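Descriptive structure summary
Chain residues, written in single-letter form:
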Amino acid sequence: MPHVVFIAPRFAENTNRYVAAFASLASAGVRTSVVSGDPDTAIPTALRPHLAAHYRVNDPMNAADITTAVRAISRGVGPVDRLTGALEQLQMPLAEVRAALDIEGMLPEIARRFRDKDRMKEVLRARGVPVARSLLVGSKEGLRTALSELGYPAIVKPQAGLGARSTFRVAHDADVDALFAQGIAPSTDIPLQVEEFIRAREYTCETVTVRGVPVWRSGTRYLPSPLETLENPWMQYCVLLPREEEETDWTRFHDTNGAALSALFGDAANTAAGTALTHMEWFLREDGSSLVNEVGARPPGVGIMPLMSIAYDTSFFAAWARLIAKDEFVPKKRVRAAGAAFFRGQGQGTRVASVKGIERAVADAGDALVEMRSPKVGQPRADGYEGEGYAYVRSETTEGAKEALLALVQNVRIVYS
Ligand SMILES: Nc1ncnc2c1ncn2[C@@H]1O[C@H](COP(=O)(O)OP(=O)(O)OP(=O)(O)O)[C@@H](O)[C@H]1O
Ligand SMILES: [Mg+2]
């Protein structure tokens, strides 16, 4: 009976989908324990009977806290076979705890290849996988030297970023001065990554590997790119999962995806570390060439888990839980296209002042609409490209999904004040 420990930092809506997925494996002989910053009273009632243990910690993202929790859980419930969590920021601490407690799975050296953008590019380059030219810099002079080498425009971003929040496009010396003026400058303690700017479309490739062997792939396109969306706060953001499974821009990337994953997993491929759902972001240039941007060794965000569930008529949360707990994955056929629209407001301000066009959007999207969370007046302004509300759509065709997304983002108008 495999025993899985899942880190649920808070019992929030999205996290609970993962907890529920593991809990549902009880009938398949999997025992699940959870570690959380929340008390056990916050566990959804329906899930409680299916959990073997709950351990509360002060800081659920902290390796020492997680170690204490896992030790206690193994004393109470029994040895831990898998230690996992869905969040990007958990991947390094989880690897450290596995190393400390001798739990099978991804260890720090491999986890760092996924978490540290500089290390990732170094590993990929060494294996001939195409990536943007980049340099890691630890001082203001270093940044200027790197920019003179790479040229403008360039991207400046953290070594281990998230949500594109601290990613900047710099086109002139003045942009660099402006970054410094805002207090954004590299130091030896906190270096920054400088990259040549890649003018391209942005795609994702989700891959299931079982002990290092890719057994299934899917992909999406970001419309527009996360950076463009952040630079233009009025833009609403979409993610599209096409209907076609064969011979598309996405499938032409599969060899590069395979080469990149094999480079990153390295010698650990043939172990539990190589059993993963990975989320790769990549660029497709006008000339047809592609480059890997970054890879997460965790389930994708920006609605891609629900979109895959829609497109493949299955629960991807459940599929991921089974993959991690039992090293099993049954590839499904794609049966439709899916898309996500993220609603963002216009104007300055810190709160949602008005939400218009919802009814029209719902009517125009018609049967394609699967789920919608419309923003509420008074709600605080979100800081990322995911905005303050979303909708998921489905369609028999890619075009149909695009039309439904358009109906949503053209009609929904949010104003901040
Ligand atoms: N070299 C590059 N050229 C052009 N655009 C880039 C480059 N690097 C990053 N970007 C843009 O910035 C965005 C964020 O970069 P990246 O994915 O590396 O950071 P992140 O903080 O991990 O983002 P997220 O968590 O949203 O995936 C990318 O999606 C892309 O739009
Ligand atoms: Mg990214």
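Looking now at the site of ligand 1. Taken together, 21 residues sit near ligand 1, with Lys117, Lys157, Gly163, Glu202 and Tyr385 positioned nearest. A total of 600 Å² of accessible area belongs to ligand 1 in isolation, and the protein chains cover 96% of it. Contributing elements (two or more residues each) for the shell around ligand 1: strand 6 (154-158), strand 8 (192-196), helix 8 (226-231), strand 12 (276-284) and strand 13 (290-296). The residue makeup of the shell around ligand 1, split by class, is nine nonpolar, five polar and seven charged. Here the shell around ligand 1 gathers at least three residues from each of two domains, domain 2 (133-196) and domain 3 (201-416).

For the magnesium ion (ligand 2), the protein coordination sphere consists of Glu281 (OE) and Glu294 (OE), at 1.8 to 1.9 Å. With glutamate 281 in strand 12 and glutamate 294 in strand 13, the pair connects residues that are 13 residues apart, well separated along the chain. Residue class for glutamate 281 comes out buried when judged on its relative accessible area of 10%. Taking relative accessible area as the criterion, glutamate 294 reaches 21% and is therefore assigned partly exposed.

A few words on the sheet that holds strand 10 (residues 213-223). Here we have eight strands laid out as an open sheet, ordered 13-12-9-10-11-14-18-17, and antiparallel in their pairing. Two strands bound the open sheet, and with one partner strand each, they are strand 13 and strand 17 (369-373). In this sheet, adjacent strand axes meet at a mean angle of 20 degrees when their direction is disregarded. Note that strand 9 (residues 201-210) and strand 12 share nine bridges and pair antiparallel. Note on strand 12: the bridge partner recorded for glutamate 202 is phenylalanine 283.

Our focus in this paragraph is the domain arrangement of the protein. For the protein, the assigned domains are domain 1 (3-104), domain 2 (133-196) and domain 3 (201-416). On a C-alpha basis, the centroid separation for the pair domain 1 and domain 3 is 26 Å. Each partner contributes residues to the interface: domain 1 has 19 residues there, and domain 3 has 20 residues. Overall, the association of domain 1 and domain 3 removes approximately 1500 Å² of surface from exposure, summing both partners, and the carbon and sulfur fraction of that is 60%. Contact with domain 3 buries surface across domain 1, with Arg17, Tyr18 and Arg82 losing the most and accounting together for 34% of the total. Our enumeration of links across domain 1 and domain 3 arrives at four salt bridges. Ionic pairing is found between glutamate 13 and arginine 373, a salt bridge with its closest N-O pair at 3.0 Å. Remark: the boundary between domain 1 and domain 3 carries five residue pairs in polar contact (both at pLDDT 80 or more).

On to the packing of aromatic side chains, then. Scanning the entire structure with this criterion turns up 18 aromatic pairs. Plain terms: the ring middles of tyrosine 237 and tyrosine 385 are 5.0 Å apart, the flat faces sit at 65 degrees to each other, and that makes the pair edge-to-face. Within this pair, whereas tyrosine 237 is found in strand 11 (residues 237-241), its partner tyrosine 385 is found in the loop between strand 17 and strand 18 (389-395), the two being separated by 148 residues in sequence. For the pair shown, tyrosine 237 and tyrosine 385 are each scored as buried. Cluster of aromatic residues (ring-pair linked, three or more members): Phe6, Tyr18, Phe22, Phe317 and Trp320. A cation sits over an aromatic face here: lysine 140 above phenylalanine 180, 4.8 Å from the ring centre.

As a further point, take the pairing of strand 12. On a regular strand, each side chain points to the face opposite its neighbour's, so the side chains alternate between the two faces of the sheet. Within strand 12, nine of the nine residues are buried, which leaves it mostly tucked inside the rest of the structure. Here strand 12 shows two buried faces, one formed by Ala276, Thr278, Met280, Trp282 and Leu284 and the other by Leu277, His279, Glu281 and Phe283. One ladder, built from six bridges, connects strand 12 with strand 13; its direction is antiparallel. Directly across from tryptophan 282, in strand 13, lies its bridge partner valine 292. Taken together, strand 12 and the strand that follows it, strand 13, pair antiparallel across an intervening segment of five residues, in which glycine 288 is found at a positive phi of about 90 degrees.

Once that is clear, we can look at the sheet that holds strand 15 (residues 345-346). Taken together, three strands build an open sheet; the order of strands is 15-19-16 and the sheet is mixed. One side of each edge strand has no neighbouring strand; the edge strands of this open sheet are strand 15 and strand 16 (352-356). Two elements, strand 16 and strand 19 (residues 413-416), share four bridges in a ladder whose sense is antiparallel. Bridge pairing links valine 352 to tyrosine 416 in strand 19.

Thresholds applied
Residues numbered from 1 in each chain as written. Chains lettered and ligands numbered in written order. Predicted model: local features only at pLDDT ≥ 70, side-chain atom pairs only at ≥ 80, totals over all residues. Heavy atoms only, no water. Near = heavy atom within 4 Å. Areas by Shrake-Rupley, 256 points an atom, 1.4 Å probe, with all protein chains shown as cover. Helix = DSSP H or I, 4+ residues; strand = E, 2+ residues; numbered from the N terminus. Nonpolar A, V, L, I, M, F, W, Y, C, P; charged D, E, K, R; others polar. Domains from an automatic or database assignment. Donors = N, O, S within 2.8 Å, 3.2 Å for Na, K, Ca; no water. Buried < 20%, exposed > 50% of the residue type's maximum accessible area, 1.4 Å probe, protein only. Pairing = 2+ DSSP bridges. Axes fitted to C-alpha atoms, helices over the stretch in contact; angles between N-to-C directions. Contact = heavy atoms within 4.5 Å. Buried area = accessible area lost by both parts, 1.4 Å probe. Salt bridge = Lys/Arg side-chain N within 4 Å of Asp/Glu carboxyl O. Polar contact = N/O pair within 3.5 Å; in protein donor to acceptor, adjacent residues only side chain to side chain. Phe/Tyr/Trp six-rings, centres within 6.5 Å; stacked < 30°, edge-to-face > 60°. Lys NZ or Arg CZ within 6 Å of the ring centre and 35° of its normal.

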